Amino acid sequence: MTQTIAPRVRTLVLLLLAAACALLAGAGPASAHAALTGSDPRQGAVVDKAPAQVSLTFSESVSMDDDSLRVLDPKGTRVDDGSPSGTGGTTYSVKLHAGLPDGTYTVTYQVVSADSHPVAGAYTFSVGAPSETSVSVSAQAAGGGFVGGLYGVGRYVSYAAFVVLVGGAAFVLACWPRGSGVRAVQRLVVSGWLALTAATLLLLLLRGSYTGSGKLADVFDLSLLGEVLQTKSGAALVSRLLLLAAAALFIAVLFGAYDKREDEERRDLTFGLAVGGSVVAAGLAATWAMSEHASVGLQAGLAMPVDVVHLIAVATWLGGLTALLVALYRAPAQTPVPAFAVRRFSRIAFGSVVALVVTGAYQSWRQLGSWTAFTDTRYGQLLLVKIGLVAVLVGVAYFSRRWTAQLAEAVPSLAGQREKGHVAASGGRKNDEAKVTRKTGGTEKPEATGQTGVAEKTKAAAKTGVTEKTGVSEKTEAAGKAGAAGKAGAAGKAGAAGKTKAPGKASGTGKGSGGSQRAAQLARQRAAVDAARQKRQRDADPHRFGLRRSVLAEAGVAVVLLVVTTVLTQTEPGRTEEDAKAAGAASAASAAPTTGAVTLDMPFDTGGQNGKGVVRVELDPARVGANDLHLYVERPDGTAFDIPEVKLALTQKAKDIGPLPVAPDHITTGHWSASGVQIPMAGDWEVAVTVRTSDIDQVTLTKNAQIG
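Residue numbers here run from 1 along each chain, matching the order of that chain's written sequence. In keeping with the predicted nature of the model, local features appear solely for residues at pLDDT of at least 70, side-chain atom pairs appear and are counted solely at 80 or more, and the whole-chain, interface and lining totals rest on all residues. Hydrogens and water are ignored here; the side-chain numbers use all heavy atoms of the structure.

Peer 1: Go over the overall build of the protein chain, please, and point to the residues and values.
Peer 2: Check the secondary structure of the protein chain and you find 16 helices and 18 strands. For the exposure calls, accessible area comes from a 1.4 Å probe over protein chains only, and a residue counts as buried if that area is under 20% of its type's maximum, exposed if over 50%, partly exposed in between. Counting over 708 residues, the protein chain shows a buried share of 43%. In this analysis, two residues are considered to be in contact whenever any of their non-hydrogen atoms come within 4.5 Å of each other. Of the contacts made within the protein chain by residues no fewer than 6 positions apart, 71% connect residues no fewer than 24 positions apart. A 1.4 Å probe and the Shrake-Rupley method give the accessible areas. Residues count as covered only by the protein chains that appear here. As displayed, the protein chain has an accessible area near 34,900 Å², and 59% of this comes from carbon and sulfur atoms. Labels follow the DSSP assignment, with helices taken as runs of H or I lasting at least four residues and strands as runs of E lasting at least two, numbered in each case from the N terminus.

Structure, rendered in structure tokens:
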């Protein structure tokens, strides 16, 4: 039954890998992590005279060069002085030429946010009156194109390689010290180091083009590379390369001097390697923490060490899982992964998951800021997918722990069975050798007749027959018998003629060397057969097979999890996205032209005497800010009349604002008024009017009005 389940597991893993590739391919360019929250002049504004400068305000600090902020006239000619500068905080400005004519001007910007991601965009404003313009204001794709895609692949490879490098080395040191001598594990860790080094060099070369023009030709621009080295991201990549040099020394000791020492001698070296490896791993993780999300925004001083712990926990868990998978499938039969190593890794993985939950919860709060951001922002949606994958991974790991426990219980009995098998095989070989000796002893009778040449040949033939008999083929035994008998008979004849003394010596020497080569070849064959037998015994163990299957499933989910994590690091945090939306709405509301007065007619009937009529509400200018309100009460025939009480309230249910009460003053018969009524934001507002026509008769009327 286990043989039919394995293809299903492999199919599941292949489907997960395909989903991971599709997700990575569809990730697109990196989303902006610094959002434009304000500008002067505002987007779409029409000003009476040309401003002296254009200012932009972002949600976090950004880096600029001479071409980062440009202002173009209707013909596409640049009208700024080309020297943008910061004016304090997160606001940046560029001065404009004097005497600009009327028309529509385009502001374009392309900057790099503090968390290393490119940000680009454009908007227009007009002087005097709007006009036609030849400049396109479509959204610019920062970090897109072929270079952006290649940069995204490099980021994924660097994350995956870091996980394999750190997790594989931790698995050897903490769980399976003898694994330092297993070639498959060595190749895994070294491959992680090579991949991380290559990916870091690729990111360093692509960085200038990725945040700038996006052209592949600029990848080899040395002047652009020099500018990259002066940025925070460039310094982080160079620091990563230096730490990888130290990691190379660590790997050389781990798979060199550490592997050659005995178990007792390894203990002293294990402590030194653990301390040095931890320092290098923390340094590598810090190159991400100090240049990406954790380095900016809320509580950056706390967020960076938390991010380091998060990355190391991910690497220890998923990287150790990868090393365990390779060991289960590729380790030699002579050095299988012991049950105690799997138990140790299970405990370490549990601790890593606890660390992930704690640090992940803090990072989620920091990057989202509200529960609604889980569903309203792309970052929150991806985070939900990541949480789901972690839950699936923990569930599969539970089954791995069960297989580990069963494997530990089965190891003593399996060891006893193998020992009995070895004893039986050894006894069988000794009996076969005794039989061959007795059989070849009959062919040595010519030696008793004084025929020395016959005796030498008979001994050689007997040895060859014994050697062949100890092999695995019965045909070899028969050939040995026939060879011994035939050669003894021929030698007897030659001895009787008295001719072959000297030639007999030469023939004996030649057959002796050939026999030793044959013996070595058969010894290698025996070793291969023994190794194959041990591997079949190991793979036939249902507990080990189940563990391999569950670990393979874990690895498949882990690949998808790494892809989602990589995409998440390139996505605008939910907190920033919501702030940008709010700022954009406020800017649009401020720039919106006056819509004029809004008039609402609401008939009422309180049910009492003089209880019927119409309430008319007029709101002027019906936009964000101060407004004048007039309220009129009329009978059904259109004549004004007074009522004991009238109240009014404004509510915007979409944003959970209000009700905001308004107490109008009585002006004259049937007329109430209030000035300076503040409406905080644009949108669909509910106007509720309560009309009381007697001590007990009243009714509340509602109607919606569009503001701003």
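Peer 1: For the packing of aromatic side chains, give the residues involved together with the corresponding values.
Peer 2: Stacked, tilted and edge-to-face are the three classes applied to pairs of Phe, Tyr and Trp rings, where Trp contributes its six-membered ring and a pair requires centres within 6.5 Å; stacked means planes under 30 degrees apart, edge-to-face means over 60, and tilted covers the rest. Inspection of the entire model under this criterion finds nine aromatic pairs. In this structure an aromatic cluster arises from ring pairing among Phe 58, Tyr 92 and Tyr 109. Note that Arg 240 overlies the ring of Trp 288, its terminal NZ or CZ placed 3.9 Å from the centroid. If you follow Arg 635 out to its NZ or CZ, it ends over the ring of Phe 641, 4.4 Å from the centre. Placement of a positive charge over a ring is assigned whenever Lys NZ or Arg CZ falls within 6 Å of the ring centre and within 35 degrees of the normal to the ring plane.

Peer 1: I'd like a rundown of the sheet that holds strand β16 (residues 671-679), residues and numbers included.
Peer 2: The antiparallel open sheet is built from five strands, whose spatial order is β10-β11-β12-β16-β15. Across the chains shown, the open sheet's two edge strands, defined by having one partner strand only, are β10 (598-605) and β15 (665-668). With strand direction ignored, the average angle separating the axes of adjacent strands in the sheet is 25°. With seven bridges joining them, strand β11 (residues 612-620) and strand β12 (residues 625-634) adopt antiparallel strand pairing. If DSSP finds at least two bridges between two strands, the strands pair. With axes taken as lines fitted to C-alpha atoms, and helix axes fitted only over the stretch in contact, angles between N-to-C directions fall between 0 and 180 degrees.

Peer 1: Which residues make up the pattern of salt bridges, and what are the values?
Peer 2: Any carboxyl oxygen of Asp or Glu within 4 Å of a side-chain nitrogen of Lys or Arg constitutes a salt bridge here. Taken as a whole and judged by the stated rule, the model has six salt bridges. Between Asp 80 and Arg 78 there is a salt bridge, and its shortest N-O distance comes to 2.9 Å. Relative accessible area serves as the criterion here: at 5%, Asp 80 is assigned to the buried category. Of the residues examined, Arg 78 reaches a relative accessible area of 27% and is grouped as partly exposed. Taking the shortest distance from any N to any O, the salt bridge between Asp 695 and Arg 692 comes out at 3.8 Å. Here the salt bridges do not stand alone but share partners, grouping Glu 645, Arg 692 and Asp 695 into one network.

Peer 1: Lay out the sheet that holds strand β18 (residues 698-707) in plain terms, naming residues and giving numbers.
Peer 2: With antiparallel pairing, the four strands of this open sheet are ordered in space as β14-β13-β17-β18. Each edge of the open sheet is held by one strand with a lone partner, namely β14 (657-662) and β18. Recorded for the sheet is a direction-independent mean angle of 20° between the axes of neighbouring strands. When strand β17 (residues 683-692) meets β18, the two strands line up antiparallel, connected through ten bridges. The partner of Ala 688 across the bridge, within β18, is Thr 702.

Peer 1: Outline the pairing of β16, listing residues and values.
Peer 2: Note: β12 against β16, seven bridges, orientation antiparallel. Paired with Asn 627 across the bridge in β16 is Val 677. In this structure, β15 lies alongside β16, joined through three bridges in antiparallel fashion. Note on β16: the bridge partner recorded for Asp 665 is Ser 673. Taking the residues that link successive antiparallel strands as the turn, the β15-β16 hairpin has two residues, and the phi of Gly 670 there is positive, at about 70°.

Peer 1: Now, about the nonpolar core: what can you tell me, with residues and values included?
Peer 2: Across soluble globular proteins, nonpolar side chains show a tendency to be buried alongside one another. Take the buried Ala, Val, Leu, Ile, Met, Phe, Trp, Tyr and Cys residues and link them wherever side-chain atoms come within 4.5 Å; each set so joined is a nonpolar core. Ranked by size, the top nonpolar core spans 72 residues in total, and within it Phe 162, Trp 176, Leu 254 and Leu 318 carry the most contacts. Counting only elements with at least two residues in this core, the list comes to α2 (145-174), α3 (183-211), α5 (232-254), α7 (263-289), α8 (300-330), α9 (339-368), α11 (378-441) and α15 (542-569). If one sorts the elements of this core by residue count, α8 sits on top with 14 residues. Apart from residues lying up to four places away in sequence, Leu 318 is in contact with Val 163, Leu 393, Ala 558, Leu 561 and Leu 562. Among the nonpolar cores identified, the runner-up in size contains 29 residues, and Leu 619, Ile 657, Trp 672 and Ala 674 belong to it.

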